[in-house]
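Structure assessment
Residue strings, one per chain:
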Amino acid sequence: MITTPARPRTSTRRVAAAATVGTALESYDFYTYSYFAAFFAGPFFFSALGEAGALLASFATIGIAFVVRPIGAIVFGHLGDRIGRRSTLLITIALMGVATGLVGLLPTGEDWVLFGAVALVVLRVVQGLSLGGEWGGAVLLATEHADARRRPFFASLPQLGSPIGSVAAGGLMLAMFFGLGPEAMAAWGWRIPFLIAIPLIAVSLYLRWSIDETPVFKELAATGQREKNPVWAAVRTQPAAFGVAILVALLGIGSYSLMNTYTMGYGVTALGFDEMQLLTAATIGGLLQFVTVPAFGWLATRIGSARVVALGAIGTLLIAFPIYWLLGSATFAVLVALMVVGGILPTASWAALGGTMQELFRGRHAYSALSVAYAIAAVLSGFIPSITAWLGTATDSAWWHPGLVLALLSALTLVGALAAQRMRHLGDEDADAAQAVVREEAPAPV
């Protein structure tokens with residue numbers, strides 16, 4: 001009898017690359033739009049609202065994508081638990097890249113203000129829908145292929161997408177501001193970072209197409225354990241885990257919205273920094289995360305993901321007010337130092353939140369659970385720039401108003417991390433069982 005050799009399992013390195021490249025493109029899109037919102041979106045599309053109103057409206061377009069994110073999380077979470085992690089991630093990355101590229105083609109000028117504003121909102125909605133299904137699937141893609149010992153580390157690798165996207169977007173903006181100047185950037189240069197997203201889709205699609213489905217989903221499909229309504233099953237069977245997961249994610253997501261969006265605009269309009277200085281400082285802070293994210297992922301393999309999240313929350317809570325007190329009179333060197341210090345501590349919570357959340361949920365509804373919980377946290381965090389701007393107006397731009405927001409985020413995430421540490425690692429149990437089946441089915445060496 002002639003037998004066909006089984007397809008070799010995809011290496012964990014290739015899987016990690018496929019997961020990370022998608023979150024990198026997601027992050028690139030997010031930061032590109034964040035910089036666009038801070039510098040250009042208001043004057044281009046919302047100038048009729050006045051200077052302050054235009055700034056608030058441009059920040060609100062960031063929030064719109066986060067509002068629809070739970071819808072995307074429900075839709076793509078359902079698909080991820082029904083048709084597979086890999087297939088769903090191919091859909092989400094394609095939607096994200098196309099929507100981002102089209103932002104770069106929007107017309108500007110007085111005759112196009114209404115059309116441009118409406119089209120911008122529509123594209124932000126599409127981006128938000130795809131965002132809702134991207135992160136949870138990327139974490140599962142990385143962790144469900146990994147063994148128990150390395151799972152917390154591989155869970156941190158999709159988080160590298162944030163510094164990759166931040167450095168790519170910030171570095172490109174910085175180079176273009178320097179090379180083209182503010183006038184050319186406002187005239188046409190702002191389009192280039194958006195248009196670059198289109199060829200990046202091809203790379204992301206290729207990497208994800210070339211990998212295998214995860215052992216956990218294969219086992220669920222083979223044994224008929226897929227949930228018919230995974231979102232409802234997750235909420236019904238693990239309601240406490242949902243609340244804990246949302247709290248765990250708040251600081252990791254919210255600190256980026258605060259420091260890389262609000263602080264950008266606030267630094268220019270209220271503190272008198274130059275856009276170039278802020279972009280440089282943010283880019284330097286992003287470069288550092290190439291070291292700190294995997295370092296904190298490694299630490300999670302030693303002490304546990306939830307403990308690393310807690311350490312990051314405690315550290316951020318301690319430095320929240322001092323950072324913004326010093327920022328008011330900072331030189332450029334001090335600005336860079338503050339961005340570095342203010343980035344390292346929240347990064348601990350950011351790096352370990354994927355591993356912490358993955359541990360909480362059963363594999364049969366993990367895609368839905370991770371996506372919806374993360375999306376809810378993202379919705380709450382997406383309006384942080386607008387809320388902080390309102391708080392600044394209400395307090396006459398008191399130096400401590402951004403620190404208060406950062407401290408609150410830290411305290412809530414600390415509560416979530418402490419609760420997660422005491423819960424069963426149901427996700428790990430399912431992943432371990434699936435890995436055991438794979439080892440049993442592996443052909444013996446000849």
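Scoring rules and cut-offs
- Residues numbered from 1 in each chain as written.
- Predicted model: local features only at pLDDT ≥ 70, side-chain atom pairs only at ≥ 80, totals over all residues.
- Heavy atoms only, no water.
- Helix = DSSP H or I, 4+ residues; strand = E, 2+ residues; numbered from the N terminus.
- Rg over C-alpha atoms; globule rule 2.2 N^0.38 Å.
- Buried < 20%, exposed > 50% of the residue type's maximum accessible area, 1.4 Å probe, protein only.
- Salt bridge = Lys/Arg side-chain N within 4 Å of Asp/Glu carboxyl O.
- Contact = heavy atoms within 4.5 Å.
- Core = buried A, V, L, I, M, F, W, Y, C linked by side-chain atoms within 4.5 Å.
- Phe/Tyr/Trp six-rings, centres within 6.5 Å; stacked < 30°, edge-to-face > 60°.
- Patch = residues over 30% accessible without salt bridge, like charges linked within 9 Å, V, L, I, M, F, W, Y side chains within 5 Å.
- Areas by Shrake-Rupley, 256 points an atom, 1.4 Å probe, with all protein chains shown as cover.
- Axes fitted to C-alpha atoms, helices over the stretch in contact; angles between N-to-C directions.
- Parallel < 35°, antiparallel > 145°, perpendicular 65-115°, else oblique.
- Left-handed = near helix turned anticlockwise from the far one by under 90°.
- Nonpolar A, V, L, I, M, F, W, Y, C, P; charged D, E, K, R; others polar.
- Expected span 1.5 Å × (residues − 1).
- Bend = angle between axes of the 7 residues up to and from the residue.

Bringing the overall build of the protein chain into the picture now. Scanning the protein chain from terminus to terminus reveals 19 helices and 0 strands. Here the C-alpha atoms of the protein chain give a radius of gyration of 22 Å, agreeing with the 22 Å that 2.2 N^0.38 yields for 446 residues. Along the first, second and third principal axes, the C-alpha atoms of the protein chain reach 75 × 45 × 40 Å. Counting only residues that meet the buried cut, the protein chain has 58% of its 446 residues in that class.

Once their charged atoms are close, side chains differing in charge can pair, the charge on each being opposite to the other. Tallied over the entire structure, the rule returns 10 salt bridges. Glu 134 is the salt-bridge partner of Arg 208, the closest N and O atoms lying 2.4 Å from each other. Of the two residues, Arg 208 sits in helix H9 (residues 197-209) while Glu 134 sits in helix H5 (residues 113-143), which places them 74 residues apart along the sequence. Owing to a relative accessible area of 1%, Arg 208 belongs among the buried residues under this scheme. The class of Glu 134 is buried, set by a relative accessible area of 2%. We note a salt bridge from Asp 430 to Arg 362, for which the minimum N-O separation is 2.9 Å.

Before going further, it helps to spend a moment on the side chain of Gln 159. For Gln 159, the location among the structural elements is in the loop between helix H6 (151-156) and helix H7 (161-189). Once residues within four sequence positions are removed from consideration, Gln 159 is found in contact with Trp 135, Val 293, Trp 350, Ala 351 and Leu 353.

Within soluble globular proteins, side chains that are nonpolar generally end up buried alongside one another. Ranked by internal contacts, the top residues of the largest apolar core, which has 120 residues, are Tyr 35, Phe 36, Met 357, Phe 361 and Tyr 374. Per element, the largest residue contribution to this core is 17 residues, and it comes from helix H1 (residues 12-45). Residues in contact with Phe 36, not counting those within four places in the same chain, are Ala 41, Phe 44, Phe 45, Leu 120, Met 173, Trp 190 and Phe 194.

Our focus in this paragraph is the packing of aromatic side chains. According to the stated counting rule, one finds 4 aromatic pairs in the structure shown. Summarising the aromatic geometry, the rings of Phe 153 and Phe 154 are spaced 5.8 Å apart at their centres and angled 80 degrees between planes, so their arrangement reads as edge-to-face. Judged by its relative accessible area of 6%, Phe 154 is buried.

A grouping of Phe 321, Trp 325, Leu 326, Val 334, Trp 399, Trp 400 and Leu 404 is seen on the molecular surface, where their side chains present a nonpolar patch of about 640 Å² in accessible area. Ranked by residues supplied to the nonpolar patch, first place goes to helix H14 (residues 305-327) with 3 residues. Mapping Trp 399 onto the fold places it in the loop between helix H17 (384-394) and helix H18 (401-421). Residue Trp 399 is classed as partly exposed on the basis of its relative accessible area of 38%.

What follows deals with the packing of helix H15 (residues 332-360) against helix H16 (residues 366-382). One can describe the packing of H15 onto H16 by two numbers: an axis separation of 10 Å at closest approach and a directional angle of 135 degrees. In terms of their interaxial angle, H15 and H16 are classed as oblique. As H15 runs across H16, the sense of the crossing is right-handed. Taking contact as the criterion, the partners of Trp 350, Leu 353, Met 357 and Gln 358 in H15 are, on H16, Leu 370, Ala 373 and Tyr 374. For the contact of H15 with H16, the per-class residue count stands at 6 nonpolar, 1 polar and no charged.

Here Asp 432 shows up in helix H19 (residues 426-441). You can call Asp 432 partly exposed: its relative accessible area is 33%. Considered as a pair, Asp 432 and Pro 215 are 217 residues apart in the sequence and their alpha carbons are 9.7 Å apart. With residues near it in sequence (within four places) discarded, Asp 432 still touches Ala 148 and Arg 151.

The residue Ser 27 is located in helix H1 in this model. Take Ser 27: its relative accessible area is 7%, and that puts it in the buried class. Distance in space between the C-alpha atoms of Ser 27 and Gly 161 is 6.1 Å, their sequence separation being 134 residues. Look past the residues within four positions of Ser 27 in its chain and what remains in contact with it is Gly 161, Ser 162, Gly 165 and Ser 166.

Here the focus is the environment of Gly 315. For Gly 315, the position within the fold is in helix H14. Overall, the relative accessible area of 12% leaves Gly 315 in the buried class. Between the alpha carbons of Gly 315 and Ser 410 there is a distance of 8.5 Å; along the sequence they are 95 residues apart.

A word on H15. In this model H15 runs 42 Å from its N-terminal to its C-terminal C-alpha over 29 residues, within 8% of the 42 Å that 1.5 Å per residue would give. Most pronounced at Ala 352, the bend in H15 amounts to some 40 degrees. Of all 29 residues in H15, 21 are buried, a share of seventy percent or more.

Here we come to the packing of H14 against H18. At a minimum axis separation of 8 Å, H14 and H18 run at an interaxial angle of 165 degrees. Relative to H18, H14 is oriented roughly antiparallel. H18 is crossed by H14, and the crossing has left-handed handedness. Contacts between H14 and H18 involve Ala 306, Arg 307, Val 309, Ala 310, Ala 313, Ile 314, Thr 316, Leu 317, Ala 320, Phe 321 and Tyr 324 on the former and, on the latter, Pro 402, Gly 403, Leu 404, Leu 406, Ala 407, Ser 410, Thr 413, Leu 414, Ala 417, Ala 420 and Gln 421. Looking at the contact of H14 with H18 residue by residue, the class counts come to 16 nonpolar, 5 polar and 1 charged.

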